[in-house]
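Each chain, letter by letter, is given below.
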Amino acid sequence: MSNTKDYIIEAIKEKIENFEAEAKIESVGRVLKVSDGIALVSGLSDVMMSEILEFSTDQGIVKGVALNLEETQIGVIILGDYILVKEGAEVKGTGRILEVPVGEAMIGRVVNALGEPLDGQGTIKATAYYPVEKIAPGVIARQSVHEPVQTGIKAIDSMIPIGRGQRELIIGDRQIGKTAIAIDTIINQKGQNMKCVYVAIGQKESKIANIVAKLEEAGAMEYTTVVLAGSSHPAPLLYIAPYTGSAIAEYFLDKGEDVLIIYDDLSKHANAYREISLLLRRPPGREAYPGDVFYLHSRLLERACKLNKDFGGGSITALPIIETQAGDVSAYIPTNVISITDGQIYLEPDLFYQGNRPAVNAGLSVSRVGSSAQIKAMKKVAGKLRIEAAQYRELAAFAQFGSDLDEETKKKLERGKRLYEIFKQEQYSPLAVENQVLVFYALISGLLDDVEVKEIINFEKDLVNYVSLGQYDVLEKIKTSGDWNEEIEKSLAELINNFKKSRA
């Protein structure tokens with residue numbers, strides 16, 4: 001018995017001798033007030049902007065992010081279930097800035113604004129963690145945009161070309177085909193060596209489920225990540241979602257890869273930020289948006305860029321979407337985003353209801369990168385299409401008032417009718433660039449002048465099916481090199497004429 005007692009005494013002595021006092025300093029505060037996903041916290045004097053804070057609740061830890069740093073208190077946006085956070089609850093600073101998981105494992109997954117899986121396919125093994133907020137690459141790191149992003153949409157690839165590293169706004173009223181253009185562009189990236197990130201902000205979960213199903217059906221989820229902050233999610237998650245999408249894209253950018261990112265849509269993003277700002281008692285400005293709403297989108301969209309070879313040569317191409325009210329592009333948020341981006345694709349209600357879909361307005365749409373984002377063959381055949389499309393709309397408006405038209409005007413009207421028929425395109429059916437060149441060459445060379453306007457769509461479908469059944473060197477040459485010369489032109493004319501003979 002005494003031996004056991006001695007052993008215990010020795011063990012206690014050893015513990016005392018080896019005891020090292022470790023002082024652990026924790027930054028701890030208290031919740032003063034909580035409402036609608038916003039908490040006001042006191043007692044955290046050393047917290048950083050965008051630092052992750054942890055709220056102690058009866059059901060475990062709830063995370064938040066410091067957004068307002070005031071003299072006596074901090075405004076925090078709560079990222080979890082804010083109903084669990086009570087006044088007087090303990091809050092701890094973590095010393096970490098908000099970050100999200102990134103890596104190859106994100107491909108093919110549907111995640112929330114914090115990078116957590118929503119698709120029921122298990123946990124994501126992250127390669128690394130990237131900060132949600134990041135300073136955009138500087139001027140020295142960038143390179144001018146010169147490689148095309150083929151959308152597969154004829155009206156866009158010919159008149160409003162998009163380049164790798166460009167920011168092209170898609171703008172128009174609701175239910176007019178903005179998301180359709182973005183999804184078609186993702187589907188068309190198959191085999192183009194391009195990763196895609198689709199950020200859904202404030203969208204219905206049912207709509208996103210349909211989009212994911214369509215992407216899976218087209219085999220596009222093999223290279224796509226979907227970030228979802230749905231309409232049922234709290235405003236803080238809607239606010240963070242596009243920055244999360246950008247962080248996921250930047251992982252691939254740093255590896256020297258090309259990424260396409262779609263923000264659908266930034267109108268709802270601005271609304272979520274306005275809601276948070278008003279709850280934080282920030283002074284309202286125009287249309288009740290806070291004063292820094294321009295910076296909200298500029299710091300996001302400037303992260304899209306084309307890096308030069310010294311910095312890896314990767315690119316992020318951004319397609320932000322903005323919803324207008326009754327076609328008003330001069331409203332606050334639309335004008336802000338138009339001034340940040342490198343052009344816009346404007347979708348017009350009148351064209352949409354006339355059956356011209358996608359309803360791209362050639363006059364108001366513009367790409368500030370221009371033909372430098374087109375292959376040589378497309379430059380050649382599509383050079384004058386934009387002017388012809390705009391002239392046709394103008395002439396058609398005047399022609400309806402009178403019948404005495406000269407031959408030149410009649411010719412332009414007939415060509416314009418055929419052009420707008422060619423621009424019509426079904427959803428989820430992007431067209432390869434070599435086939436676009438073939439179809440546009442048929443138009444500009446006058447080989448469609450003897451085809452009835454109502455037959456143009458069928459003629460185009462049959463022509464594309466005809467070339468898909470045979471191996472044509474000329475189309476392969478356009479696809480691989482993008483080149484254009486007299487020999488290619490002659491071969492295309494011969495190919496179209498042979499098709500017309502077979503169809504007769």
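Throughout what follows, the structure given in this document is the object of discussion. Along each chain, residues carry numbers from 1 onward, in the same order as the chain's sequence is written. The predicted origin of the model limits local features to residues at a pLDDT of at least 70 and limits the giving and counting of side-chain atom pairs to 80 or more, whereas totals for whole chains, interfaces and linings rest on all residues. Hydrogens and water are ignored here; the side-chain numbers use all heavy atoms of the structure.

1. Structural notes on the overall build of the protein chain
So the rule is basically this: In this description a helix means any DSSP run of H or I spanning at least four residues, a strand means any run of E spanning at least two, and both kinds are numbered starting from the N terminus. Here, residues are in contact when the closest pair of their heavy atoms is within 4.5 Å. Every accessible area reported is derived by Shrake-Rupley at a probe size of 1.4 Å, with residue values counting cover from the shown protein chains alone. When charges are tallied, Lys and Arg are placed among the positive residues and Asp and Glu among the negative ones, while His and the ends of the chain are skipped. By convention, the charge on Lys lies at NZ, on Arg at CZ, on Asp at CG and on Glu at CD.
Scanning the protein chain from N- to C-terminus turns up 16 helices and 18 strands. Dimensions along the principal axes, computed over C-alpha positions, put the protein chain at roughly 115 × 55 × 45 Å. Residue pairs in contact within the protein chain that sit at least 24 positions apart in sequence constitute 73% of those at least 6 positions apart. Carbon together with sulfur atoms contributes 50% to the accessible area of the protein chain, which is approximately 24,000 Å² in total. Considering the protein chain, the positive charge centre built from 57 side chains and the negative charge centre built from 70 side chains are found 3 Å apart.

2. With respect to helix α7 (residues 293–301)
Note the cut-off: For each residue, the accessible area found with a 1.4 Å probe, counting protein chains only, is set against the maximum for its type, and the residue is called buried under 20%, exposed over 50%, and partly exposed in between.
Burial runs high along α7: 7 of the 9 residues are buried. Among the residues making up α7, those that are buried are Val 293, Leu 296, His 297, Ser 298, Arg 299, Leu 300 and Leu 301. Summarising the contacts, the buried residues of α7 are in contact with α5 (235–254), β15 (258–264), α6 (266–279), β16 (315–323) and α8 (332–340).

3. Let's talk about a nonpolar patch on the surface
Operational definition: In this analysis, a patch consists of residues with relative accessible area above 30% that form no salt bridge, clustered at 9 Å for like charges and at 5 Å for the nonpolar side chains Val, Leu, Ile, Met, Phe, Trp and Tyr. Here, a salt bridge means any side-chain nitrogen of Lys or Arg that lies within 4 Å of a carboxyl oxygen of Asp or Glu.
On the surface, Tyr 7, Ile 8, Ile 12 and Ile 16 cluster together into a nonpolar patch covering about 460 Å² of accessible area. With respect to the secondary-structure elements, Tyr 7 resides in helix α1 (residues 2–18). Given the relative accessible area of 62%, Tyr 7 is considered exposed.

4. Description of the sheet that holds strand β8 (residues 110–111)
Two pairing modes exist for strands in a sheet, parallel and antiparallel, and in both the strands are linked by backbone hydrogen bonds. Cut-off, in case you're wondering: Any two strands with at least two DSSP-identified bridges between them are counted as paired. Helix axes use the C-alpha atoms of the stretch in contact, all axes being lines fitted to C-alpha atoms, and the angles between their N-to-C directions lie in the range 0 to 180 degrees.
Sheet architecture is open: 8 strands sit in the order β8-β14-β13-β15-β16-β12-β17-β18, paired in mixed fashion. Only two strands of the sheet have a single partner each, and these edge strands are β8 and β18 (366–367). Along the sheet face, helix α4 (residues 205–217) touches β8, β13 (194–201), β14 (224–229) and β15 and points at about 175 degrees away from the line of β14. Running over the sheet, α6 touches β13, β15 and β16 and is turned about 75 degrees from β16.

5. Some remarks on helix α11 (residues 385–399)
To keep it simple, the criterion reads: Residue count minus one, scaled by 1.5 Å, sets the expected span of a helix. By construction, the arc corresponds to the directions joining the helix axis to the C-beta atoms.
With 15 residues, α11 should cover 21 Å at 1.5 Å per step; its first-to-last C-alpha distance of 20 Å lies within 8% of that length. Of the residues making up α11, those classed as buried are Leu 385, Ala 389, Tyr 392 and Ala 399. The buried residues of α11 occupy an angular sector of 100 degrees when the element is viewed end-on, so they sit on one face. Counted as exposed and oriented over 90 degrees from the buried face of α11: Ile 387, Glu 394 and Phe 398. On its buried face, α11 sits against α2 (154–159), α10 (376–382), α12 (407–423) and α13 (433–444).

6. A look at unusual backbone geometry
Looking along the chain, the bond that leaves Asp 264 and enters Asp 265 is cis, with omega of -5 degrees. In this fold, Asp 265 is placed in the loop between β15 and α6. Each neighbour pair has its own omega, and for Arg 357 with Pro 358 the value is 0 degrees, a cis peptide bond. Relative to the helices and strands, Pro 358 resides in the loop between α9 (349–353) and β18. One non-glycine residue, Asp 36, lies in the positive phi region at around 50 degrees. With respect to the secondary-structure elements, Asp 36 resides in the loop between β1 (28–35) and β2 (38–42). Residue classification places Asp 36 among the partly exposed positions, given a relative accessible area of 46%.

7. Observations regarding the environment of Arg 357
The criterion, for reference: Here a polar contact is taken to be a pair of N or O atoms separated by no more than 3.5 Å, where protein atoms must pair a possible hydrogen donor with a possible acceptor and residues adjacent in sequence count only if both atoms sit in side chains.
Mapped onto the elements of the fold, Arg 357 is located in the loop between α9 and β18. When its relative accessible area of 39% is taken as the criterion, Arg 357 is described as partly exposed. In contact with Arg 357, other than residues within four places in its own chain, are Phe 352, Phe 423, Lys 424 and Gln 425. In this structure the side chain of Arg 357 is engaged in a polar contact, spanning 3.0 Å, whose partner is the backbone oxygen of Phe 352.

8. A word on the packing of aromatic side chains
Rules: By convention, a stacked pair of Phe, Tyr or Trp rings (six-membered ring in the case of Trp) has centres within 6.5 Å and planes under 30 degrees apart, an edge-to-face pair has planes over 60 apart, and any other such pair is tilted. In our convention, an over-ring charge means Lys NZ or Arg CZ found within 6 Å of a ring centre and within 35 degrees of that ring's normal.
According to the stated counting rule, one finds 13 aromatic pairs in the structure shown. Consider the rings of Tyr 130 and Tyr 251, whose centres lie 6.2 Å apart with planes at 70 degrees: the pair is edge-to-face. Pair noted here: Tyr 130 is in strand β9 (residues 128–131) and Tyr 251 is in helix α5, with a separation of 121 residues, a long-range link. No difference in accessibility class separates Tyr 130 from Tyr 251, as the two residues are buried. Each member of the aromatic cluster is reached from another via a ring pair, and the members are Tyr 392, Tyr 420, Phe 423 and Phe 440. Sitting over the face of the ring of Tyr 289, Arg 274 holds its NZ or CZ atom 4.2 Å from the ring centroid. Sitting above the plane of the Phe 352 ring, Arg 357 keeps its charged end 4.0 Å from the centroid.

9. With respect to the pairing of β15
Among the 7 residues of β15, 7 are classified as buried, and the element is accordingly described as predominantly covered. Both β13 and β15 contribute to a ladder of 7 bridges, which runs parallel. Its bridge partner being in β15, Cys 196 is matched across the sheet by Leu 260. Here β15 runs beside β16; their pairing, made up of 6 bridges, is parallel. Paired with Tyr 263 across the bridge in β16 is Pro 320.

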